[in-house]
Amino acid sequence: MSDLSNELSPTTAPADNGLAWILCAPAAAAMVVLNLFPAGTALLHSPVLPVTGELAAWGNALLVIGGRALVMSGMILAIEIPLALYLATVALRRSRSPRVTTTPGLLLAATVAGFSWRLLFGDGIGFVDPRSSVWTTILVEVWRSLPLATLLFYATLDRTARDLTQVARLDGATFAQVVRRIYVPICRPAMLLLLGLRLIDYLRAVNVSASSPPAAERAVWTLLVLGVATLAIGIAPGRETPR
Amino acid sequence: MRTVDKLALAAFSAAFILGAARLPDGTALASAAELSVAVATALVSVAAATPFALALARLHFEGKALMFTLLILATATTPDLLTPADPSTASKFLNDLALGVPIAVWIIYLVARAFPPELEDAALLDGSTRYRVWLPLIRPAVMAAAPLVFLYCAFDLVVR
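Since the model is a prediction, treat every value here as computed from it, not as a measurement. (Residues numbered from 1 in each chain as written. Chains lettered and ligands numbered in written order. Predicted model: local features only at pLDDT ≥ 70, side-chain atom pairs only at ≥ 80, totals over all residues. Heavy atoms only, no water.)

Things to note about the overall build of chain A
Looking only at helices and strands, chain A has 10 helices and 0 strands in total. Each helix (α) and strand (β) of chain A, taken in turn from the N terminus, gives the series α-α-α-α-α-α-α-α-α-α. In chain A, which comprises 243 residues, the proportion classed as buried is 41%. Partitioning the intrachain contacts of chain A with sequence separation of at least 6 by distance along the chain shows that 66% fall at a separation of at least 24. Only carbon and sulfur atoms are counted for the fraction: they give 69% of the accessible area of chain A, which is about 13,700 Å². (Helix = DSSP H or I, 4+ residues; strand = E, 2+ residues; numbered from the N terminus. Buried < 20%, exposed > 50% of the residue type's maximum accessible area, 1.4 Å probe, protein only. Contact = heavy atoms within 4.5 Å. Areas by Shrake-Rupley, 256 points an atom, 1.4 Å probe, with all protein chains shown as cover.)

Here it is in structure tokens:
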């Protein structure tokens with residue numbers, strides 16, 4: 001019997017080396033050729049500035065890895081994940097009113113974010129200085145990505161968390177315990193996805209600011225972090241490439 | 001979902017994308033060529049990513065950690081670094097593919113990891129294959145990953 005279950009269960013099955021490598025081959029080849037090889041080459045060339053040819057040592061790498069965009073991305077995640085989890089738990093409750101009141105706001109988020117940026121940066125109206133623009137960017141970005149996060153959490157919790165919550169409540173668990181022991185573990189894959197998407201946005205933001213002259217840096221990265229919201233106001237995220 | 005609903009949804013989506021893909025002065029954000037490149041990118045990304053994600057999520061094999069490392073590194077290295085000065089259709093396609101494959105892998109992997117192992121056990125016990133279990137279960141994730149990759153690639157704007 002143990003042999004049979006070993007053979008059958010995917011969790012305890014012997015290694016499927018051949019099949020797995022065949023399945024992995026196309027995507028792995030694409031990732032090695034398209035991502036790792038150029039990134040490695042770029043890393044190799046990174047100590048030298050592209051235009052002037054000066055030796056910058058680790059300056060280039062620090063410009064790419066460090067900077068305000070990293071701090072901003074971390075803060076955006078720190079705000080959006082608890083807020084989205086809270087909204088998802090509100091929507092999960094049986095009462096219909098929270099769902100009715102939160103859903104239109106979430107659906108309109110991209111449009112509202114776009115209009116707020118038009119107000120903030122429009123000709124003759126813009127009043128944002130560099131210090132407050134960091135907080136404005138964080139706020140607007142949280143607003144923009146909150147619907148996706150909330151829907152992800154809601155979809156994850158909707159399938160599994162109701163029964164578990166009821167059982168836990170019957171056993172006398174507090175709301176904080178339910179969140180810590182049920183909601184957060186169930187939502188961990190969704191959080192991982194959000195982290196991945198944020199990582200992509202962050203790296204794109206940094207790439208632009210890193211490839212821009214210092215004078216243009218501020219304007220470029222604050223716009224770039226916006227992504228979709230910029231479509232609404234007709235400002236494309238800039239990308240400067242060496243000619 | 002009925003066929004008429006699917007058609008209505010497709011028409012609405014196309015109208016929304018084409019309508020939204022314009023600047024206030026009426027110029028298109030993405031040309032027809034760029035949109036078709038994005039469609040091709042989405043299809044190829046999903047085709048390559050699905051078996052990779054299934055292998056990572058459902059199989060035990062030597063080198064799994066290596067594949068995970070490769071995936072994380074590929075996610076972290078964005079194609080903006082690789083964009084040539086004047087992107088041609090082919091380079092745009094490869095550039096988008098470098099972004100599309102890791103995104104699609106992550107989406108499909110997270111879904112594939114949640115399959116109940118009992119289904120596979122039952123299918124193997126009845127003399128069936130894993131693919132007969134995997135393919136119907138993975139379809140929603142694939143249908144979600146393809147449009148997302150398309151959207152990431154279609155409106156990846158470049159100031160000209």
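A word on the confidence of the model for chain B
All names here are of chain B. A residue-level look at chain B finds 75% of positions with pLDDT of 70 or above and a mean pLDDT of 79. Ranking the elements of chain B by mean pLDDT puts helix H1 (residues 3-20) last with 66 and helix H2 (residues 32-58) first with 90. Here the prediction assigns the complex a pTM of 0.57, and the interface score ipTM is 0.79. (pLDDT = per-residue confidence, 0-100.)

A few points about a nonpolar patch on the surface
A cluster of nonpolar residues, Val-39, Leu-43 and Val-44 of chain B, forms a patch on the protein surface that exposes about 250 Å² of accessible area. By secondary structure assignment, the location of Leu-43 of chain B is in helix H2. (Patch = residues over 30% accessible without salt bridge, like charges linked within 9 Å, V, L, I, M, F, W, Y side chains within 5 Å. Salt bridge = Lys/Arg side-chain N within 4 Å of Asp/Glu carboxyl O.)

Structural notes on the packing of helix H3 (residues 64-76) of chain B against helix H4 (residues 89-112) of chain B
All names here are of chain B. Contact pair H3 / H4: the axes reach a minimum separation of 9 Å and the direction vectors enclose 130 degrees. In terms of orientation, H3 lies oblique with respect to H4. The crossing of H3 and H4 is left-handed. Side by side, H3 and H4 meet where Phe-68, Leu-71, Ile-72, Ala-74 and Thr-75 of the first sit next to Pro-102, Val-105, Trp-106 and Tyr-109 of the second. (Axes fitted to C-alpha atoms, helices over the stretch in contact; angles between N-to-C directions. Parallel < 35°, antiparallel > 145°, perpendicular 65-115°, else oblique. Left-handed = near helix turned anticlockwise from the far one by under 90°.)

Notes on the packing of aromatic side chains
Aromatic rings considered in pairs are described by the distance between their centres and by the relative angle of their planes. The full count for this structure, using the stated rule, is 4 aromatic pairs over all chains. With a centroid separation of 6.1 Å and an interplanar angle of 75 degrees, the aromatic rings of Trp-21 of chain A and Phe-61 of chain B are classed as edge-to-face. Linking Trp-21 of chain A in helix H2 (residues 17-45) with Phe-61 of chain B in the loop between H2 and H3, this pair reaches from one chain into another. Its relative accessible area of 34% is what places Trp-21 of chain A among the partly exposed residues. With relative accessibility at 8%, the residue Phe-61 of chain B sits in the buried group. Considering the side-chain rings of Phe-68 of chain B and Tyr-109 of chain B, the 5.5 Å spacing of their centres and the 85 degrees angle between planes classify their relative orientation as edge-to-face. With a gap of 41 residues between them, Phe-68 of chain B in helix H3 and Tyr-109 of chain B in helix H4 connect regions that are remote in the sequence. (Phe/Tyr/Trp six-rings, centres within 6.5 Å; stacked < 30°, edge-to-face > 60°.)

Regarding H3 of chain B
Residue and element names in this part refer to chain B. With 13 residues, H3 extends 18 Å from end C-alpha to end C-alpha; this agrees with the ideal 18 Å at 1.5 Å per step. Of all the residues in H3, the buried ones are Met-67, Leu-70, Leu-71, Ala-74 and Thr-75. Burial along H3 is one-sided: seen end-on, the buried residues are contained in an arc of 130 degrees. Residues of H3 that are exposed and point over 90 degrees away from its buried face: Ala-65 and Leu-66. (Expected span 1.5 Å × (residues − 1). Arc of directions from axis to C-beta.)

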